[in-house]
Amino acid sequence: MQRATLDLWVGLFVMTGIGALMVLSLKVGNLNTYGVADSYVIQGNFENIGGLKIRAPVKSAGVVVGRVTAIQFSTQTYDAVVTMNIDSRFQFPKDTFASILTAGLLGEQYIGLAAGGDEGMLKEGDTIMKTNSAMVLEEMIGRFLFDKASEDNAF
Amino acid sequence: MTTDTLVEISDLNFSYDTRAILNGINMTMKRGQLIAIMGGSGSGKTTLLKLIGGAVVPSSGYVKVSGQVIHELDRDALFEMRRKMGMLFQFGALFTDLSVFDNVAFQMREHTNLPESMIRDLVLMKLHAVGLRGAYHLMPAELSGGMARRVALARSIALDPMLMMFDEPFTGLDPISLSVIGSLIRRLTDTLGMTSIIVTHDVQESLSIVDYVYFIADGVIAAHGTPDEVRQSVAPFVHQFVHGEVDGPVPFHYPARAYSQDLSLENTVA
Amino acid sequence: MPKRIVSSLQGIGHRTLEGIWRLGRATRFFLLVLMKSATSLRRFGLVIRELYYVGVLSLIIIVVSGLFVGMVLGLQGYETLQKYGSETAVGTLVALSLVRELGPVVAALLFASRAGSAITAEIGLMKATEQLTAMGMMAVDPVARVVAPRFWAGVISMPLLAAIFSVMGVFGGYLVAVIFIGVDEGSFWSQMQSNVDFRIDILNGFIKSCFFGVAVTAIAVFEGYDSPPTAEGVSGATTRTVVTSSLAILGLDFILTAFMFRGL
């Protein structure tokens, strides 16, 4: 085997391998939705996050605008503090409403942002004031039964 | 001790586990000499070469090459020393993944910074010396046993060593290749002015080319002398070895009980 | 028979000791190879040459196996998922199985039997024919000149081969699910992309294959260098390379998976 031919094959092999890694990262994985573009961090306090996980999408009108980067528990307010990375291309008013929603009946949970009407925009490090907790099935059923019972008692 | 002594072996002992292989060997080899070390199979000849090359450490005694005790050298100094030594292995030990050319060029590329054009000339010169200049492009698998041995010879003299060691260079060769290798060893020893040690049990070929012979049996030097002295020796061991007799001091039979006893001809009570 | 029990116990003890002793020697050899890797890095041509034998020659088996594994995953995944009406998730299933587990593990198993055994046989044969001794006598360290370049070539090849395997597998799954069966192409890719995470899935899979590459080649070069210099010795060492490295891959895979995906 000639030296040059051998080098050529090895070069091709390494290029194919690196190409495969790129394909995996960009086409199969979600590297392109990561912090490629500039982003800013905001936080939101939720009473109950249900099954929300790190890296869950943050959507507005169904479009992914960011991702959950951290979930902590605050011992001051006994709330869950959710940190989100939002794409800098998307600016939201200060009175934006954040709620934890479920995709489909049994799908994954994500954060939905509903824009408000405030003049000022959310900046790096801001906290969303208006939040809505996750729907927890047991609580919903419990509340339904309780309402039913109090309705019956009213008579 | 004269200055032209290259190798000095003094009271050398070597044992493997508890088995003694060499037992008090003394030798001196001068520059430019061609020396044969002979002995039966398993008599410790190859071990002796390994001790000279520093591959194993003696149990006691020492090997001195150009005034330096081999087993006291550190790694770097030993490798420095080995660059001045060449060794031809029993079956050549050519690098099977390299061509004949690259095999001979191996040490030049590893140890020198010579430009590739000069390496090319040197390699072809070495190959020419063993008569295989035309085979430079072949792979070791395409060579006959004798040719492989000659390429290995060219490779081992690549850096013009001062000491060459040949481990059974004649084994498994046809008569023509055998005398080719024999005369090559003699000629290269003379033209390069190196000291050569041949470990062999091919008596006739080596007696015709060497300057001095040592016989090793059971780990000690049984006899030594010039080829003429050896041929006329009446010492029973040398006589048996040189003339290839079946029985003698080296017995034909492995030690055993009496033959008649093994065949139950005598009714012995155990 | 108490005598037989005693002797079999002795046998077990002997073999255990032997194993520990070999493990110690292998570790020392591994460190030696690392220490003597400077030559390989300085003369990278040596590694490139081995990359050809270790990496390029393993490509065919990796590409073909990857394609078939992906196709089977696509078929099986579709059969199961369509019962729940979520056949568009087949892309996610294929990609996650490949990137997290099958890519690194199956590629490493194939690599062990294709390249690992070849490395062992080659080094073992070089030892048996005294080529390594001859090299030492020429004042060239065989560990630095022969073993280290092969080791690094293996370590570099393994992640690349695993990535190629995964990509071929995803392509195979795409072929079966989208082209043959007719799953919607858009949701195939978008479901895959929204569920395969770069850091958690792809990066961890990549790290896994790096570990496997080190383990397989370290075992292969050790078995070759440590083999008895005879024909039987070399063939035994080659078998041991495949068996030991396959077990090492599966064992390591469990440990790494536990660390990566559970210990978050």
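On a predicted model such as this, the values are computed, not experimentally measured, just so you know.

Caption draft 1: Local environment of helix α8 (residues 185-195) of chain C. The complete set of buried residues in α8 of chain C reads S187, F188, W189 and M192 of chain C. Against the buried residues of α8 of chain C lie α1 (3-28) of chain A together with α5 (90-128) and α7 (142-181) of chain C.

Caption draft 2: Representation of unusual backbone geometry within the structure. Here Y78 of chain A, not a glycine, exhibits a phi torsion of approximately 55°, which is positive. Mapped onto the elements, Y78 of chain A comes out in the loop between β3 (63-73) and β4 (80-87).

Caption draft 3: Main features of the interface of chain C and chain A. In this complex, chain C contributes 28 residues to the contact, which on the side of chain A involves 24 residues. Together, the buried faces of chain C and chain A total about 2400 Å²; carbon and sulfur atoms form 76% of this surface. Linking chain C with chain A are 0 salt bridges, by the criterion used here. Run the count over chain C and chain A and you get 1 residue pair in polar contact (both at pLDDT 80 or more). Of all elements in the fold, only α3 (44-54), α5, α7, α8 and α9 (198-226) of chain C reach the threshold of two or more residues within the side of chain C that touches chain A. By residue class, the composition of the side of chain C that touches chain A is 20 nonpolar, 5 polar and 3 charged.

Caption draft 4: Here's a closer look at the interface of chain B and chain C. Chain B puts 20 residues into the contact, and the matching count from chain C is 19 residues. Carbon and sulfur atoms supply 61% of the area that chain B and chain C bury against each other, a total of about 1800 Å² over both sides. Linking chain B with chain C are 5 salt bridges, by the criterion used here. Across the pair D141 of chain C and R75 of chain B runs a salt bridge whose closest N-O atoms are separated by 3.2 Å. There are 9 residue pairs in polar contact (both at pLDDT 80 or more) connecting chain B and chain C. In terms of residue count, helix α3 (residues 100-111) of chain B provides more of the side of chain B that touches chain C than any other element does, 4 residues in total.

Caption draft 5: Seen up close, the pairing of strand β3 (residues 34-38) of chain B. Residues and elements named next belong to chain B. Extensive coverage of β3 is indicated by the burial of 5 of its 5 residues. Residues L34, A36 and M38 line one face of β3 and the alternating positions I35 and I37 line the opposite face, and both faces are buried. Both β3 and strand β8 (residues 195-200) contribute to a ladder of 5 bridges, which runs parallel. Counted as the bridge partner of I37 is V199 from β8. Both β3 and strand β9 (residues 212-217) contribute to a ladder of 4 bridges, which runs parallel. Looking across to β9, one finds that I37 is bridged to Y214.

Caption draft 6: Fine view of the side chain of D87 of chain A. All names here are of chain A. Positionally, D87 belongs in strand β4. Its relative accessible area of 14% is what places D87 among the buried residues. A distance of 2.7 Å separates polar atoms of two side chains, one belonging to D87 and the other to R89.

Caption draft 7: Summary view of the packing of α1 of chain A against α3 of chain C. One can describe the packing of α1 of chain A onto α3 of chain C by two numbers: an axis separation of 9 Å at closest approach and a directional angle of 75°. Taken as axis vectors, α1 of chain A and α3 of chain C run roughly perpendicular relative to one another. Two secondary-structure elements touch here, α1 of chain A through R3, L6, D7, W9, V10 and F13 of chain A and α3 of chain C through G45, I48, R49, L51 and Y52 of chain C. Partitioned by chemical class, the residues of the contact of α1 of chain A with α3 of chain C number 7 nonpolar, 1 polar and 3 charged.

Caption draft 8: Inspection of the confidence of the model for chain A at higher detail. Here chain A averages 82 in pLDDT, while 90% of its residues score no lower than 70. Highest mean pLDDT in chain A belongs to β4 of chain A (88); lowest belongs to helix α2 (residues 137-154) of chain A (79).

Caption draft 9: Representation of the nonpolar core in the model. One finds I9, M27, V63, V65 and L163 of chain B to be the most contacted residues of the largest nonpolar core, which totals 115 residues. Sorting elements by how many residues they give to this core places α7 of chain C first, with 20 residues. Ignoring anything within four residues of it in the chain, the contact list for I9 of chain B reads I25, N26, M27, L48, I52, Y62 and V63 of chain B. Grouped together as the second largest cluster of nonpolar side chains are 49 residues, V104, A152, L184 and I185 of chain B included.

Caption draft 10: Geometry of the sheet that holds β8 of chain B. All names here are of chain B. Across the sheet, 6 strands lie side by side as β6-β7-β8-β3-β9-β10; this open sheet has mixed pairing. One side of each edge strand has no neighbouring strand; the edge strands of this open sheet are β6 (85-88) and β10 (220-225). Going from strand to strand, the sheet's axes swing by 20° on average, the running direction of each strand aside.

Caption draft 11: Layout of the domain arrangement of chain A. Domain parsing of chain A yields domain 1 (1-32) and domain 2 (34-137). One C-alpha centre belongs to domain 1 of chain A, the other to domain 2 of chain A, and the line joining them spans 38 Å.

Caption draft 12: How the structure looks around the packing of aromatic side chains. By the definition in use, this model includes 13 aromatic pairs over all chains. Both rings, one in F95 of chain B and one in F106 of chain B, keep their centres 4.7 Å apart while their planes meet at 55°; by these two values the pair is tilted. Of this pair, F95 of chain B sits in the loop between β6 and α3 while F106 of chain B sits in helix α3, and the two are 11 residues apart along the sequence. Both residues of the pair, F95 of chain B and F106 of chain B, belong to the buried class. One aromatic cluster is present, built from ring pairs that chain together F171, Y174, F188 and W189 of chain C. Over the ring of Y110 of chain A we find K59 of chain A, and its NZ or CZ is 4.6 Å from the ring centre. Positioned above the aromatic ring of F95 of chain B is the side chain of R155 of chain B, whose terminal nitrogen or guanidinium carbon lies 4.6 Å from the ring centre.

Caption draft 13: Spotlight on the sheet that holds strand β1 (residues 39-46) of chain A. All names here are of chain A. Here 8 strands make up an open sheet; going across it, the order is β7-β1-β4-β3-β2-β6-β5-β8 and the pairing mixed. Bordering the open sheet on either side are β7 (127-128) and β8 (130-132), each of which pairs with just one other strand. Where β1 and β4 come together, 8 bridges link them in antiparallel fashion. Across the sheet, G44 pairs through a bridge with V82, a residue of β4.

Rules of the game
- Residues numbered from 1 in each chain as written.
- Chains lettered and ligands numbered in written order.
- Predicted model: local features only at pLDDT ≥ 70, side-chain atom pairs only at ≥ 80, totals over all residues.
- Heavy atoms only, no water.
- Buried < 20%, exposed > 50% of the residue type's maximum accessible area, 1.4 Å probe, protein only.
- Helix = DSSP H or I, 4+ residues; strand = E, 2+ residues; numbered from the N terminus.
- Contact = heavy atoms within 4.5 Å.
- Buried area = accessible area lost by both parts, 1.4 Å probe.
- Salt bridge = Lys/Arg side-chain N within 4 Å of Asp/Glu carboxyl O.
- Polar contact = N/O pair within 3.5 Å; in protein donor to acceptor, adjacent residues only side chain to side chain.
- Nonpolar A, V, L, I, M, F, W, Y, C, P; charged D, E, K, R; others polar.
- Pairing = 2+ DSSP bridges.
- Axes fitted to C-alpha atoms, helices over the stretch in contact; angles between N-to-C directions.
- Parallel < 35°, antiparallel > 145°, perpendicular 65-115°, else oblique.
- pLDDT = per-residue confidence, 0-100.
- Core = buried A, V, L, I, M, F, W, Y, C linked by side-chain atoms within 4.5 Å.
- Domains from an automatic or database assignment.
- Phe/Tyr/Trp six-rings, centres within 6.5 Å; stacked < 30°, edge-to-face > 60°.
- Lys NZ or Arg CZ within 6 Å of the ring centre and 35° of its normal.

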